[in-house]
Amino acid sequence: MANQNVDVCIIGCGPSGLMLSRLLAIKGLSSIILERSKRAHVEGRIRAGVLEHGAAQTIIDSGMGERLKAERMLHDGVCFAIDGKQARVSLTAYAEGQQISVYGQHEAVRDMIAFTLENGVEIVFEAEDVALHDFETGASPSVTYQKDGREHTVSCKYIAGCDGFHGVSRKSMPQEKIKEFHRSFPFGWLGILAKAEPATDELIYARHKNGFALYSMRSSTLSRLYLQVPLDTDVADWPDEKVWNELDLRLGADAGWSVNRGEIIDKSITPLRSFVVEPMQLGRLFLAGDAAHIVPPTGAKGMNLAIADVRVLAVGLAKMINDNDVSLLNEYSQICLRRVWKAQRFSWWMTGILHTPEGAQDTYQSRIDQADLEHLLSSDCYAKIFAENYVGLPFEV
Ligand code: RFL
Ligand code: PHB
């Protein structure tokens, strides 16, 4: 049995856990990160690609963004394709010069892990059976885990549950003390990563009668593309040729334009869902990121919300531990949820106007969604609301 002692025990080594650990270190607080998976798995998970203006700046200001600054693709706008015809919304024009950064989440996670370890913060990979104790009422909570056949105990002042939707932290909260809000969508995204030069300088979100498609990228030689598919789809039903043909069709065939093809090096399916838990805190346990809320990826908000949460949490914990001032920590949940629900609304709205459920091509709702999208693309007021949300709302803390 081995014992460790830190200010904050962080569960989960994703963007929220890693960023929280760094922001705490800047404030002079100690932490340890307990991660269930292997380092290679965490660094290889292909997920988000779009960082809001403020999220990218947070990573850079934290000192962990050297490679992000050098290699990110800064975009001034986003494009939409409606049944093959393309239109563009300028972000810089409508959101006071703010841009988005296109940079792979797994690259950001790789950078953050290297930085964290170099700076002497311990990350325990392959920590099994993580369990949370005495956080509800006790002044000294602890976390136990198994590693190399031994039980370890971390004694701490606070626990941060940064362990994603399927993590143990939220599940440790008694059901009667929390309220969960769920919404699922009747479709998923088939995503591919391909060794192909992007055929576009900016992202293209497509609404097509066959379903949604998205053209994104990771570098000048890597393209990341998505197709709306039915929920019960098997990746095996989508051989490479079929994927490329469908992307061509949904993204711009009518405009005589096509995607660049190349070797597909990753292909997977993600269901779309929305989820929020309230409150995001119980006693000395604080949830952040996907552990507390999930959005469908259409609005590119998940990783950005994770970073926004831990900005508040780090300042709140530092005020409490360093200055014995609990005021911000007491407001953690309300402050985060104000941003979370706005991002929920935006992601739900963007998912709705761009996706057509199977068999619902010619319905009242599909006409409404089409009109909504056309309004966005023809109105300065509407474009401004979109741009303000897409580049990221201002941080409260
Ligand atoms: P993560 O990244 O899921 O990390 C949680 C970590 O906790 C570990 N864990 C445990 N560790 C110890 N004990 C346990 N019992 C544990 N249970 C779990 C896990 O192994 C993992 O390492 O959560 P975090 O840090 O909150 O970060 C959230 C983001 O990962 C997520 O919101 C984004 O990926 C969402 N997302 C996007 N977000 C954006 O901001 N912009 C985008 O463009 C964007 N695109 C996307 C996305 C997510 C996607 N998928 C695959 C869901 C595109 C896609 C396709
Ligand atoms: C991505 O590049 O993976 C990406 C971009 C925009 C989204 C979702 C995912 O809305």
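Refer to the structure presented above.
Description of the structure in this document. Every chain begins its residue count from 1, and numbering advances along the sequence as written. For naming, the first written chain is A and the first written ligand is 1, with later ones following in the order written. Local features in this predicted model are restricted to residues whose pLDDT is 70 or higher, and side-chain atom pairs enter the listing and the counts only when it is 80 or higher, whereas totals over whole chains, interfaces and linings include all residues. In computing side-chain values, all of the structure's heavy atoms are included and hydrogens and water are not.

1. So, the packing of aromatic side chains
Pairing of aromatic side chains requires ring centres within 6.5 Å, counting the rings of Phe and Tyr and the six-membered ring of Trp. Pairs whose planes differ by under 30 degrees are stacked, by over 60 edge-to-face, and all others tilted. One pass over the structure, following the stated rule, counts 17 aromatic pairs. Centroid distance F346 to F386: 5.8 Å. Interplanar angle 45°. Geometry classified as tilted. Note that F346 is positioned in helix α10 (residues 332–354) and F386 in helix α12 (residues 380–391), a separation of 40 residues in sequence. To sort residues, take the accessible area from a 1.4 Å probe on protein chains only and compare it with the maximum for the residue type: under 20% means buried, over 50% means exposed, and anything in between is partly exposed. We classify F346 as buried; its relative accessible area is 1%. Ring-pair connections join several aromatic residues into one group, and the members of that group are F80, W189, Y205, F212, Y226, F346, W349, Y382, F386 and Y390. Helix numbering and strand numbering both begin at the N terminus, where a helix is a DSSP run of H or I of at least 4 residues and a strand a DSSP run of E of at least 2.

2. What about the packing of helix α11 (residues 364–376) against α12?
Each axis is a line fitted through C-alpha atoms, taken for helices only over the stretch in contact, and angles between the N-to-C directions span 0 to 180 degrees. Relative to each other, α11 and α12 sit at 95°, their axes nearing to 7 Å. Between α11 and α12, the angle falls in the class roughly perpendicular. Of α12, the residues touching α11 (which contributes D372, H375 and L376) are Y382, A383 and F386. Residue type decides the class: Asp, Glu, Lys and Arg count as charged, Ala, Val, Leu, Ile, Met, Phe, Trp, Tyr, Cys and Pro as nonpolar, and the leftover types, Gly among them, as polar. Grouping the constituent residues of the contact of α11 with α12 by class yields four nonpolar, one polar and one charged. By definition in this entry, angles of less than 35 degrees are roughly parallel, angles greater than 145 are roughly antiparallel, angles of 65 to 115 are roughly perpendicular, and the rest are oblique. By the convention used here, residues are in contact when the closest approach between their heavy atoms is within 4.5 Å.

3. Examining the site of ligand 2
Every one of the 14 residues lining ligand 2 counts as a neighbour, but Y205, S216, R218, Y226 and P297 are closest to it. In the analysis that follows, any N or O atom pair within 3.5 Å is treated as a polar contact, provided that within protein one partner can donate a hydrogen and the other can accept it, and provided that, for residues neighboring in sequence, both atoms belong to side chains. Side-chain polar atom of Y205 to an oxygen atom of ligand 2: 2.7 Å apart, as the coordinates give it. Between T298 and ligand 2, the recorded distance is 3.1 Å, taken from a backbone N or O atom to an oxygen atom. Here, Shrake-Rupley sampling with a 1.4 Å probe gives the accessible areas, and only protein chains in the shown set may cover a residue. When isolated, ligand 2 has an accessible area of 280 Å², and the protein chains bury 97% of it. In the shell around ligand 2, the residues fall into eight nonpolar, three polar and three charged. Both of domain 1 (2–71 + 102–182 + 275–350) and domain 2 (186–272 + 352–391) provide at least three residues apiece to the shell around ligand 2. The rule for a residue being near a molecule or strand is that one of its heavy atoms must lie within 4 Å of it. Note that the domain bounds reflect an automated or database-derived domain assignment.

4. Focus on the pairing of strand β5 (residues 77–82)
Of all the six residues making up β5, six are buried; the element is thus mostly covered by neighbouring parts of the structure. Burial along β5 is two-sided: the residues G77, C79 and A81 and V78, F80 and I82 are all buried. When DSSP finds two or more bridges between a pair of strands, those strands are recorded as paired. Where β5 meets strand β6 (residues 85–90), six bridges bridge the pair, whose relative direction is antiparallel. Residue pairing in the sheet places I82 in a bridge with K85 of β6. Linking β5 to β6, which pair antiparallel, is a turn of two residues; within it D83 sits at a positive phi near 45°. Where β5 and strand β13 (residues 204–207) come together, four bridges link them in parallel fashion. Each residue of the ladder has a partner; that of C79, found in β13, is I204.

5. As for the sheet that holds strand β7 (residues 100–102)
The three strands lie next to each other as β3-β7-β4, forming an open sheet whose pairing is antiparallel. Strands at the two margins of the open sheet, each flanked by one partner only, are β3 (50–51) and β4 (73–75). Pairing analysis gives two bridges linking β3 to β7, with the strands arranged antiparallel. Counted as the bridge partner of V50 is V102 from β7.

6. Thoughts on the pattern of salt bridges
In what follows, salt bridge is the name for a side-chain nitrogen of Lys or Arg lying within 4 Å of a carboxyl oxygen of Asp or Glu. Within the structure shown, the criterion is met by 20 salt bridges. With a closest N to O distance of 3.5 Å, R170 and E180 form a salt bridge. You can see R170 sitting in the loop between β11 (150–161) and β12 (179–195) and its partner E180 sitting in strand β12, a full 10 residues away along the chain. R170 sits in the buried class, given a relative accessible area of 7%. For the salt bridge of D248 with R261, the shortest nitrogen-to-oxygen distance reads 3.1 Å. Note that D248 is positioned in helix α7 (residues 240–252) and R261 in the loop between α7 and β16 (263–278), a separation of 13 residues in sequence. On the basis of relative accessibility, which here comes to 15%, the residue D248 falls in the buried class.

7. Remarks on the site of ligand 1
Not every one of the 33 residues close to ligand 1 is listed here, only the nearest: S16, E35, Q105, D290 and M303. Separating an oxygen atom of ligand 1 from a backbone N or O atom of P15 is a distance of 3.2 Å. Residue S16 places a side-chain N or O atom 2.8 Å away from an oxygen atom belonging to ligand 1. Contact with the protein chains hides 91% of the accessible area of ligand 1, taken as 1,000 Å² for the molecule alone. Only α1 (15–26) and α8 (302–323) provide two or more residues apiece to the shell around ligand 1. Tallying contributions element by element places α8 first for the shell around ligand 1, with four residues. Its residues assigned to classes, the shell around ligand 1 shows 14 nonpolar, 12 polar and seven charged.

8. A short note on the packing of α1 against α8
The geometry of α1 relative to α8 is characterised by a closest axis approach of 9 Å and an angle of 30° between their N-to-C directions. On the basis of the axis angle, α1 is roughly parallel to α8. As α1 packs across α8, the resulting crossing turns out to be right-handed. Counted together, P15, S16, M19, L20, L23 and L24 of α1 and M303, A306, V310, R311, L313, A314 and L317 of α8 form the full contact between these two elements. Here the contact of α1 with α8 is built from residues that sort into 11 nonpolar, one polar and one charged. Put simply, a crossing is left-handed when the front helix is turned counterclockwise from the back one by less than a right angle, and right-handed when it is turned clockwise.

By themselves, these are just geometric observations and shouldn't be taken as functional.
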